[in-house]
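Architecture and fold: a report
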Protein chains: 2
Amino acid sequence: MHKPTIQDVARLAGVGVGTVSRVLNNHAAVRDSTRQTVLSAIRDLEYVPNPHARRIAGGKSYTISILLPVITTEFYVRLLDGLESAFQEARYDVAIFPLLDRSRLERYLGSHTLAYQADGLVMATYNLTQLFSENRLREQQPMVLVDAYAEGVDCARMDNHLGGRMAGQFVAQQPGHSYAVWVETELDQIFTSRVFEERSAGFHAAMAEAGRTVSGEFISSFDAHAARTVAGQVLDAAQFPATVFASADLLAGALLDEAQARGLAVGSHLKVLGFDDQPWAAARGLSTLHQPVEAMAYEAATLLLSRLSGHRGPPRVRTFEPRLVLRSSTGHA
Amino acid sequence: MHKPTIQDVARLAGVGVGTVSRVLNNHAAVRDSTRQTVLSAIRDLEYVPNPHARRIAGGKSYTISILLPVITTEFYVRLLDGLESAFQEARYDVAIFPLLDRSRLERYLGSHTLAYQADGLVMATYNLTQLFSENRLREQQPMVLVDAYAEGVDCARMDNHLGGRMAGQFVAQQPGHSYAVWVETELDQIFTSRVFEERSAGFHAAMAEAGRTVSGEFISSFDAHAARTVAGQVLDAAQFPATVFASADLLAGALLDEAQARGLAVGSHLKVLGFDDQPWAAARGLSTLHQPVEAMAYEAATLLLSRLSGHRGPPRVRTFEPRLVLRSSTGHA
DNA sequence: TTGTACGCGTTATCAA
DNA sequence: TTGATAACGCGTACAA
């Protein structure tokens, strides 16, 4: 009474194992009536293909490893969801490798873990391609960058420059003074993402085009406590009416908190624009830039899958655009 | 120029594949000289055994899957580190499966992901054993709970009751009024952890034993914004001098913030005791309960590995004790 | 359109 | 102590 195999299915359905395999893999020509017979046999036996046997027979591991930073933020939850659903459709498995710090990166590179044995690699946010030159990652491994950009690799990225520009254009239209809060860049070269630099460049370009000046800029590290402290600094320094572009919703949320504590009228006296559209943003009326994360993730998976099925050709870059969502924190709706 | 197989190693070492396999698995009798020959061949070829082939031939996959909640908090970083290092020592591979919500749990159970095919299962914080009765998880799969407890399964857990008790004993010694802040319990049965209930029970028991009453209790969800709001409520309601036990450092941190904003003297007029000993706790002078997370994780791995190597017998429970760390938020040091 | 037979990389058995 | 060889469950040429 062991787990049913493809043999059992074939016997019950009265066909050869080859036919069962074809049904399993949606292969070309199988007569529809036999397909049905096979499928019902599969159901009856509650047959589930053994993925390990599939891997060994097919010569592929049917596994993709995903290297990503901390995953608690909504952004990475959505990213992971997009990637996993796309890969699952293609019957690929996913090995998640959270990159928490450099020592974990070393562990990944050094050990011969499952992740390292994968057919393909997805790298999120960080541009780890510089590890190529160190020959740490096998050059020929098919891979794709999500939410990051590098030359010579397929990329699916958010247009953060445009996002910053959209923010700048909006802010430039508001009366009064303009401020911005940025996220501190990581010191470790390898773990540096250019996301916030790009948002900043776009923001400044738009402000300059509109002939507006930024009255003050602030930098915060990416955690709630620091954000709140910086929010206090911003409101101490600001001249009102003021519009603040916070380059991440985390920072914008802290500004809303601090403004509330000070009894400031958010939406008129003080306007706040965030970036990310976190789940709570709608409830708190935070205007922000929404990112099509799932679409970007899905596209990244598609790019990688095409390489895995033999696609050659120059690296492709897919760019996704944020969308401005206006709510009460800027006096809308 | 493909990946070397056991055949290649055997050929280079001038032995049979059986011998190589024996060396690989530390099997009984292999002459030491041939063992060395084989090992050096393995090194030369940079040979790595194919886990899928092992799975299919030997019935084991040498993979452990780890089901755990969001992993950004320091607690899970440390937990993951402890687990990974223990399993790596035993040459087991690790498949991480972050359980972000119910849909991801479904994905794990429904699809036949790598994680699902592992030899063993580690479940962190959540007690998912009720899924057994639904026959969703294969009953016979070796598994261990970390940071959780259930009957009939090996567990490595923190004694949260004792932690709460230690907090209660400390708070009971302080003059003035006593308050407590708890973390909201998840609504979803499956994702319910009893951690905070236990801390609460221990706390109340200790207070009762000391003949002290709790002047007020508050509940917050586990996020920075809510914590700050609740912190405000606590300080609004409190009569001073007051000592507040916050059942998680996240909550305690919000209390420190709010107290600072109000200009309250922390350490005398207001004392705050947290739970977790987050990395920032020392810098901010937060008194708190430190948890030996790595040790607990390592022990969990050991329990599981013993099952995998054939250990039978009744479920074992290993309990770890928090340690009270006193800093300036309670007027120490 | 379908069935047969071989190969994938490893472990386990058995004879040497 | 070793080597040859039969499994393991599946994909896929190739033949029918």
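This text gives an overview of the structure that appears in the document.

Conventions adopted
All chains use their own residue numbering, which begins from 1 and follows the written sequence. Whichever chain is written first becomes A and whichever ligand is written first becomes 1, with later ones labelled in order. With pLDDT at 70 or above as the cut-off, local features in this predicted model cover only qualifying residues; side-chain atom pairs require 80 or more to be listed or tallied, and sums for whole chains, interfaces and linings still use all residues. Only hydrogens and water are removed before side-chain values are computed, so all heavy atoms of the structure are retained for them. Only protein chains enter the area calculation, which uses a 1.4 Å probe; residues under 20% of their type maximum are buried, those over 50% are exposed, and those in between are partly exposed. Secondary structure is summarised from DSSP: a helix means a run of H or I of at least four residues, a strand means a run of E of at least two, and numbering begins at the N terminus for each. A strand pair is defined by DSSP finding two or more bridges across the two strands. Orientation is described by lines fitted to C-alpha atoms, with helices fitted over the stretch in contact, and by angles between N-to-C directions that extend from 0 to 180 degrees. We call two residues in contact whenever any of their non-hydrogen atoms come within 4.5 Å of each other. Nearness is judged by heavy atoms alone; a residue qualifies as near a molecule or strand once a single heavy atom is within 4 Å of it. Under this definition, polar contacts are N or O atom pairs within 3.5 Å; protein pairs additionally need one hydrogen-donor-capable and one acceptor-capable atom, and for neighbouring residues in sequence, both atoms have to be side-chain atoms. Under the scheme applied here, ten amino acids are nonpolar (Ala, Val, Leu, Ile, Met, Phe, Trp, Tyr, Cys and Pro), four are charged (Asp, Glu, Lys and Arg), and all others, including Gly, are polar.

Looking at the pairing of strand β3 (residues 120-124) of chain B
All names here are of chain B. When you tally the buried positions in β3, you get 5 out of 5 residues, the bulk of the element. The side-chain alternation of β3 yields two buried faces, one formed by G120, V122 and A124 and the other by L121 and M123. The pairing of strand β1 (residues 63-68) with β3 spans 4 bridges and is classified as parallel. Bridge pairing in β3 links I64 to G120. Pairing of β3 with strand β4 (residues 143-146) involves 4 bridges; the strand directions are parallel. Each bridged residue has a counterpart across the sheet, and for L121 the counterpart in β4 is M143.

Overview of the sheet that holds strand β9 (residues 270-273) of chain A
Residue and element names in this part refer to chain A. Strand order across the open sheet formed by 4 strands is β7-β6-β8-β9, with parallel pairing between neighbours. What marks the edges here is a single partner per strand, and that holds for β7 (216-220) and β9. For this sheet, the mean angle separating the axes of adjacent strands, direction not counted, is 20°. In this sheet, β7 lies alongside strand β6 (residues 177-183) in parallel orientation, the contact comprising 5 bridges. Residue pairing across strands places Y179 opposite G216, the latter belonging to β7. Against the sheet, helix α9 (residues 195-209) engages β6, β7 and β8 (242-246), with an angle of about 165° to β6. Against the sheet, helix α10 (residues 224-237) engages β6, β7, β8 and β9, with an angle of about 165° to β7.

Focus on the protein's contact with DNA strand C
Around DNA strand C sit 30 residues in total, of which A:R22, A:A29, A:T34, B:I6 and B:Y47 are the nearest. With respect to DNA strand C, the backbone of B:I6 contributes an N or O atom lying 2.4 Å from a phosphate oxygen. A distance of 3.1 Å separates a phosphate oxygen of DNA strand C from a polar atom in the side chain of B:N25. Elements with a contribution of two residues or more to the surface near DNA strand C: α2 (17-24) and α4 (51-58) of chain A together with α1 (6-13), α2 (17-24) and α4 (51-58) of chain B. The greatest single-element share of the surface near DNA strand C, amounting to 5 residues, is contributed by α4(B). Here the residues of the surface near DNA strand C are counted per class, giving 13 nonpolar, 13 polar and 4 charged.

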